Amino acid sequence: SVDCEYIVRILKLDVYSRRLRGELPVFSKFWQVEKLGKQQDHWLKDYAEFCGASIADLELEYPEADENSVLTIDNDFWLIIHSGNEDELQVLFEKAQKIAKNEGITPKYVVVGQCMRPDYLPAEVKYCSIFPVSSLLKQADKVFSGAGFNLVTQMKSMRYKHICMPFHRALDDQHLRLDLISSF
């Protein structure tokens, strides 16, 4: 027999359930890394009871950049960061531009993505693909991202400067995550 533990985060439980083939294993422990929606929270409690397992909170730690990989950027910049596709990155960049226009300011932009530098970015925008980004998150005046688990978790103590937009994902319910963090 194999001892299995489950790291629990927000899922579109109905979609996830339809993808399963066969029964879930009996888990010895459940590690919850974020607040869940009501449906998934009830499922978790019921399944943990069925397994005779406990549920514990788990705080994830994200790496700090080592001194050789730190990007040097002057202060006073807005960070747009996204590991998704170029179209979603453009939506985030346009959101940042719209907010800047409404506030009557012209911030410096730093864009971190996983694709080649997009053609739509003006030449003065700094673009890079780096990891980890923790130093940039702390240094930026505003941070724009999707509502994915990792960035939302990393920005927990800096919500005041985090603007996130939910994107459609097959299993990750970013809309629910944004609703839950907005209700704090």
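The written sequence of each chain sets the order in which its residues are numbered from 1. Only residues with pLDDT of at least 70 are given local features in this predicted model, and only at 80 or more are side-chain atom pairs given and counted; all residues enter the totals for whole chains, interfaces and linings. The side-chain values count all of the structure's non-hydrogen atoms but skip hydrogen atoms and water molecules.

Taken together, the five bridges between strand E1 (residues 4-8) and strand E2 (residues 27-32) define a ladder with parallel strand orientation. Within the sheet, the bridge partner assigned to Tyr6 lies in E2 and is Phe30. Traced from E1 through helix H1 (residues 13-19) to E2, the parallel crossover comes out right-handed. Criterion used throughout: strands pair if DSSP finds at least two bridges between them. For helices the rule is a DSSP run of H or I covering at least 4 residues; for strands it is a run of E covering at least 2, with both sets numbered from the N terminus onward. We call a crossover right-handed when, viewed with both strands directed away from the observer, the connection leading from the first strand over the helix to the second proceeds clockwise.

The next thing to look at is the layout of surface pockets. By volume, the largest pocket is sized at about 410 Å³. Put plainly, a pocket is an open set of points on a 1 Å grid over the protein atoms alone with protein on both sides within 12 Å along at least five of seven lines, a cavity is a set where a 1.4 Å probe fits but cannot get out, and a lining residue has an atom within 4 Å of a point. Residue lining of the largest pocket: 22 residues in total, with His82, Ser83, Gly148, Asn150 and Leu151 positioned closest to the centre. The set of elements that each furnish at least two residues to the lining of the largest pocket consists of strand E4 (77-82), strand E7 (142-146) and helix H5 (149-154). Sort the elements by how many residues they give to the lining of the largest pocket and H5 lands first, with four residues. Residues of the lining of the largest pocket, tallied by class, amount to nine nonpolar, ten polar and three charged. Grid points are joined across faces, edges and corners, and a volume is the space filled by probe spheres set on the points. Side-chain classes are defined by residue name, with Ala, Val, Leu, Ile, Met, Phe, Trp, Tyr, Cys and Pro counting as nonpolar, Asp, Glu, Lys and Arg as charged, and the others, Gly among them, as polar.

Looking only at helix H6 (residues 174-182), the buried set comprises Gln174, Arg177, Leu178, Leu180 and Ile181. Projection of H6 onto a plane perpendicular to its axis shows the buried side chains occupying an angular sector of 165°, all on one side. Within H6, the exposed residues directed more than 90 degrees away from the buried face are Asp179 and Ser182. The contact criterion used throughout is that any non-hydrogen atoms of two residues lie within 4.5 Å. Buried residues belonging to H6 abut E7, H5 and strand E8 (162-165). Whether a residue is buried, partly exposed or exposed follows from its accessible area with a 1.4 Å probe, protein chains only, as a fraction of its type maximum: under 20%, in between, or over 50%, in that order. The arc in question is formed by the directions pointing from the helix axis toward the C-beta atoms.

Once that is clear, we can look at the state of the cysteines. When the sulfur atoms of two cysteines come within 2.5 Å, that pair is taken as a disulfide. Throughout the structure, instances matching the rule amount to zero disulfides. In this model Cys115 remains outside any disulfide bridge; the closest cysteine sulfur is found in Cys128, 12 Å from its own. Since its relative accessible area comes to 23%, Cys115 is described here as partly exposed. A relative accessible area of 11% places Cys128 in the buried class.

Here we take up the sheet that holds E1. Spatially, three strands are ordered E1-E2-E3 in an open sheet, and the strand pairing comes out parallel. Of all strands in the sheet, those with a lone pairing partner are E1 and strand E3 (54-57), marking the two edges. On average, adjacent strands in this sheet sit at an angle of 25° to one another, irrespective of strand direction. Those strands touched by helix H2 (residues 38-51) are E1, E2 and E3, and its axis lies near 155° from that of E2. In this analysis, axes come from line fits to C-alpha atoms, helices being fitted only over the stretch in contact, and the angle between any two N-to-C directions falls in the range 0 to 180 degrees.

With that settled, consider the sheet that holds strand E5 (residues 108-113). Adjacent strands of a sheet pair through backbone hydrogen bonds, lying either parallel or antiparallel. A sheet is described by the order of its strands in space; here five strands give the open sequence E6-E5-E4-E7-E8, paired in parallel fashion. With one partner strand each, in any of the chains shown, strand E6 (126-128) and E8 form the two edges of the open sheet. Going from strand to strand, the sheet's axes swing by 15° on average, the running direction of each strand aside. Inspection of the sheet shows E5 paired to E6 by three bridges, in the parallel sense. Across the sheet, Val111 pairs through a bridge with Tyr127, a residue of E6.

Residue Pro132 is reached from Phe131 by a cis peptide bond, and omega for that bond is 0°. Secondary-structure assignment places Pro132 in the loop between E6 and helix H4 (134-139).

What follows covers the pairing of E7. The buried fraction of E7 is high, at five of five residues. For E4 and E7, the ladder comprises three bridges, and the chain directions are parallel. Residue pairing in the sheet places Trp78 in a bridge with Lys142 of E7. As for the winding sense of the linkage, the β-α-β connection from E7 through H5 to E8 is right-handed.

Under the pairing criterion, centres of Phe, Tyr and Trp rings, with the six-membered ring standing for Trp, must be within 6.5 Å; the plane angle then separates stacked pairs below 30 degrees from edge-to-face pairs above 60, leaving the rest tilted. Under the criterion given, the structure shown has twelve aromatic pairs. Relative to Phe27, the ring of Tyr6 has its centre 5.0 Å away and its plane inclined at 65°; by these criteria the two rings are edge-to-face. Taken together, the residues span a long stretch of sequence, with Tyr6 in strand E1 and Phe27 in strand E2 at a distance of 21 residues. Given the relative accessible area of 8%, Phe27 is considered buried. Ring geometry for Phe93 versus Tyr120: centroids 6.3 Å apart, planes at 40°, classification tilted.

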